[in-house]
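Observations on the model geometry
So you can see what is in the structure, the chains are spelled out below.
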Amino acid sequence: MKRFIKGFAGKKIIIFGTGSAGAAITNKLANHVSYYVDNDNSKWDSTFMGSRVLNPITCKNENKDEAMIIVASSFYDDIAGQLKEMGFQEFRHFWNGLELFINVIDQDIEVLINHEMSLIYKKVASLVEHGLEDDANSLLYEYERFVPLDGRIPGLKAYINVPAGKQRLEIRNLLTDALRKTDYKADIHYNFYLAYALLEKGECLKALEMFERVLAQIENEELQYEFANRIDQIESKFEKDIRRELQERNSAVRKKERGDYYLHLMIDNIYSQTFIEFIDNGFDMKQHVFVIVNPKKKLTYVREDQFDNLIVFSTHEIYKEIHTEKLLKLIQDSRKVIIHFLKDHICWLMCRYDINKEINWVLWGADFYNYIDIKLYDDKTAKFLEHIGYQRPDNQNCTPKGKVFLRFRKGAIRRVDYLLGFNELEAKFVESKYITSARYKKFVYPNVVELKKTIETKISSEHEFNFKKEYKHVFMLGNSGDPSNNHLEILYKLKEMNNREFCVFVPLAYGNQLYIKELLRVGKQILGEQFKPLTKFLAPSKYIDILRQIDVAFMNHNRQQAFGNIVSLLHDGKKVYMKKNLVTYKFFKIQGLKVFDIERMGSIDEIVSVNSSISENQNAAIFREMSEKYIKNLYEVIFR
């Protein structure tokens with residue numbers, strides 16, 4: 001098997017035949033196919049298993065020593081003659097796929113290894129029963145060297161190392177049942193050996209991608225974790241070569257497959273709803289398809305009944321084969337893919353399959369800041385989270401499952417073609433933390449323009465939030481119920497000022513429900529009635545009425561966040577405090593906007609003091625650009 005697989009490394013793989021045999025062989029190759037050919041002309045220019053189906057005469061144009069044709073048909077002799085007439089040689093340029101894959105892998109190799117595992121299990125059980133655990137481990141070690149990714153190995157290791165007694169007997173019974181139901185999957189090892197063959201040839205980037213594909217095929221969590229660590233070591237050792245090969249690949253003219261529409265992979269939030277509405281009003285909606293993967297099938301913010309081309313998957317469904325195939329088909333038929341928040345399931349999908357599409361990723365912040373070595377929470381907030389039992393996303397990266405999905409995220413980011421966002425410094429930050437050669441394109445959600453328009457109308461509506469009636473100064477703290485707002489640090493600082501002339505407006509309409517519940521309790525303890533939380537969504541006009549009352553805003557994040565709120569506040573001439581080390585702070589400074597260092601808040605008089613430079617923020621060029629026409633022009637560049 002190893003010698004045969006080495007012949008595949010670096011070759012363009014073409015499958016002749018688009019029937020059940022072609023599908024079966026493709027699955028063994030994990031869809032690593034350049035294109036298909038078929039003598040049935042009704043199939044030409046269609047799509048099969050994610051790649052195009054072409055006229056067999058197309059093969060004639062290939063460099064014969066760089067192509068490998070696998071015949072997936074029972075009419076092998078006829079097709080072999082057809083290929084020989086084109087100048088291809090059997091066993092050098094083309095092979096009988098039914099003999100190579102269907103018979104050899106499905107029958108010989110898999111049956112042999114399953115039989116071998118049955119024998120090994122019996123031998124291990126016998127050795128353990130006689131107290132020869134070291135001999136049992138040695139036997140299993142030899143098998144593991146031959147078949148390193150057999151998902152049944154961790155269970156046998158656990159059985160060997162359990163002390164004698166009732167528990168060991170129970171585990172043996174469970175293992176016996178599991179072994180009857182679990183078969184060895186040869187295609188995982190095919191890809192595994194192919195990855196090492198590529199590494200031996202010095203094709204480090206292709207090898208890394210193949211290793212990640214293997215990781216995405218493994219089902220056993222313990223085995224996944226071990227293999228993810230092995231991939232990390234390979235990436236670290238060959239990082240320089242991987243970066244060079246990635247740069248060379250993206251510098252070359254690469255033909256991406258074209259499709260019928262732009263596919264948007266989104267999450268359920270108010271930004272998604274506004275974005276879809278903007279596309280509906282300004283573009284041809286037939287050219288766009290929107291997919292939302294959500295923990296629950298029923299959405300909260302995006303109105304499903306409003307759009308015909310909106311498809312919803314639940315999170316637990318997406319890893320099931322039938323739903324994965326549906327999503328893959330949507331990707332395969334698309335023109336470009338735009339990812340609006342890079343979720344774990346998308347990272348897994350990008351590593352598991354060849355997606356020969358232009359991939360655009362809209363940078364949100366949490367989808368990359370939560371996965372790098374950055375201090376998200378200040379000391380008081382960190383202690384508070386520990387006290388209430390909050391599962392921190394940065395801590396989850398240290399768990400076995402978290403490390404596996406971090407590996408998928410690294411692989412997915414490396415496969416991205418364009419980074420989208422309004423702040424180019426964010427894109428540069430991603431480039432500094434991940435291996436990527438993705439280029440930058442400007443992007444902003446329409447919500448920012450909606451808020452700007454509402455501010456400029458100066459129309460006030462009557463509602464229950466009129467803080468100025470009771471307080472001289474109105475402060476705003478954070479933008480959501482996410483702990484990364486570091487609310488407690490600011491609440492305690494404001495309490496120390498011992499001043500009753502201000503209130504603190506705290507938006508908590510969305511975020512982590514446990515954190516919100518506990519913050520509501522503690523916020524009241526710290527500031528009493530001066531603590532003014534907002535726990536429900538408001539219409540933009542009503543929300544802007546509150547922002548107009550704000551004198552000073554404190555955005556105490558350690559990463560980019562609250563961009564829309566900050567832009568709206570600055571445009572309305574409000575004073576905004578932020579962390580000075582943030583790229584967002586630097587971005588606003590470059591734009592000529594006056595923002596303040598939150599570490600230097602000073603006294604209450606210093607906080608509320610306003611000078612002419614703050615009011616001049618309203619005239620900055622960045623706000624003159626913010627218009628529907630401007631955003632539409634940005635989108636047109638992306639949709640070309």
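Residues numbered from 1 in each chain as written. Predicted model: local features only at pLDDT ≥ 70, side-chain atom pairs only at ≥ 80, totals over all residues. Heavy atoms only, no water.

1. Here's the deal with the overall build of the protein chain
For the protein chain, the count of helices and strands is 29 helices and 19 strands. Within the protein chain, the proportion of its 640 residues that are buried is 56%. If you take every contact in the protein chain between residues at least 6 apart in sequence, the share linking residues at least 24 apart comes to 69%. As displayed, the protein chain has an accessible area near 29,900 Å², and 49% of this comes from carbon and sulfur atoms. (Helix = DSSP H or I, 4+ residues; strand = E, 2+ residues; numbered from the N terminus. Buried < 20%, exposed > 50% of the residue type's maximum accessible area, 1.4 Å probe, protein only. Contact = heavy atoms within 4.5 Å. Areas by Shrake-Rupley, 256 points an atom, 1.4 Å probe, with all protein chains shown as cover.)

2. Some thoughts on the environment of Phe 341
Relative to the assigned elements, Phe 341 resides in the loop between strand 10 (334–340) and helix 14 (344–352). The buried category is assigned to Phe 341, whose relative accessible area is 15%. The spatial distance from the C-alpha of Phe 341 to the C-alpha of Met 266 is 6.5 Å, given a sequence separation of 75 residues. Other than its neighbours up to four places away in sequence, Phe 341 contacts Ile 267, Ile 346, Val 362, Trp 364, Ala 366 and Asp 367.

3. Regarding unusual backbone geometry
The backbone of Phe 91 shows a phi angle near 65°, a positive value even though the residue is not glycine. With respect to the helices, strands and loops of the structure, Phe 91 is situated in the loop between helix 3 (76–85) and strand 6 (94–96). With a phi angle near 65°, Ala 562 is a residue other than glycine that sits in the positive phi range. Residue position: Ala 562 is located in the loop between strand 17 (552–555) and helix 24 (563–571).

4. So, the sheet that holds strand 5 (residues 67–71)
Read across the sheet, 6 strands follow the order 3-4-2-1-5-6 without closing on themselves; strand pairing throughout is mixed. The open sheet has two edge strands with one neighbour each: strand 3 (47–48) and strand 6. Alignment of strand 1 (residues 12–16) against strand 5, held across 5 bridges, turns out to be parallel. The residue of strand 5 that forms the bridge with Ile 15 is Ile 70. This element, helix 2 (residues 20–28), spans strand 1, strand 2 (35–37), strand 3 and strand 5 of the sheet and lies at about 155° to strand 1. Contacting strand 1, strand 5 and strand 6, helix 3 crosses the sheet at an angle of about 175° to strand 6. (Pairing = 2+ DSSP bridges. Axes fitted to C-alpha atoms, helices over the stretch in contact; angles between N-to-C directions.)

5. Brief notes about the nonpolar core
In summary, soluble globular proteins display a tendency toward joint burial of nonpolar side chains. If you look at the biggest cluster of nonpolar residues, it comprises 67 residues, and the most contacted ones within it are Leu 327, Ile 339, Met 350, Trp 361 and Phe 408. Here this core gets 9 residues from one element, more than from any other, and that element is helix 9 (residues 204–217). When residues no more than four places from it in sequence are discounted, the contact partners of Leu 327 are Leu 265, Val 291, Phe 313, Ile 318 and Leu 349. (Core = buried A, V, L, I, M, F, W, Y, C linked by side-chain atoms within 4.5 Å.)

6. Considering the state of the cysteines
Under the counting rule described, the total for this entry stands at 0 disulfides. There is no disulfide at Cys 351, and the cysteine sulfur nearest it, in Cys 347, is 7.1 Å away. (Disulfide = S-S within 2.5 Å.)

7. Section: helix 14
Here helix 14 lies mainly inside the structure; 8 of its 9 residues are buried. All buried positions along helix 14 are accounted for by His 345, Ile 346, Cys 347, Trp 348, Leu 349, Met 350, Cys 351 and Arg 352.

8. Considerations on the confidence of the model for the protein chain
On average, residues of the protein chain score 84 in pLDDT, and 85% of them are at 70 or above. Counting interchain partners and residues more than four positions distant, the pLDDT-below-50 stretch residues 103–109 has 15 contacts. (pLDDT = per-residue confidence, 0-100.)

9. Some remarks on the pattern of salt bridges
For the coordinates displayed, the defined rule picks out 30 salt bridges. Glu 209 is the salt-bridge partner of Arg 249, the closest N and O atoms lying 2.7 Å from each other. Residue Arg 249 is found in helix 11 (residues 239–251), and its partner Glu 209 is found in helix 9; the two are separated by 40 residues along the sequence. Residue classification places Arg 249 among the partly exposed residues on the basis of a relative accessible area of 23%. Assessed through its relative accessible area of 17%, Glu 209 is described here as buried. The network of salt bridges with common partners includes Glu 212, Asp 232, Glu 235, Arg 407, Arg 414 and Arg 415. (Salt bridge = Lys/Arg side-chain N within 4 Å of Asp/Glu carboxyl O.)

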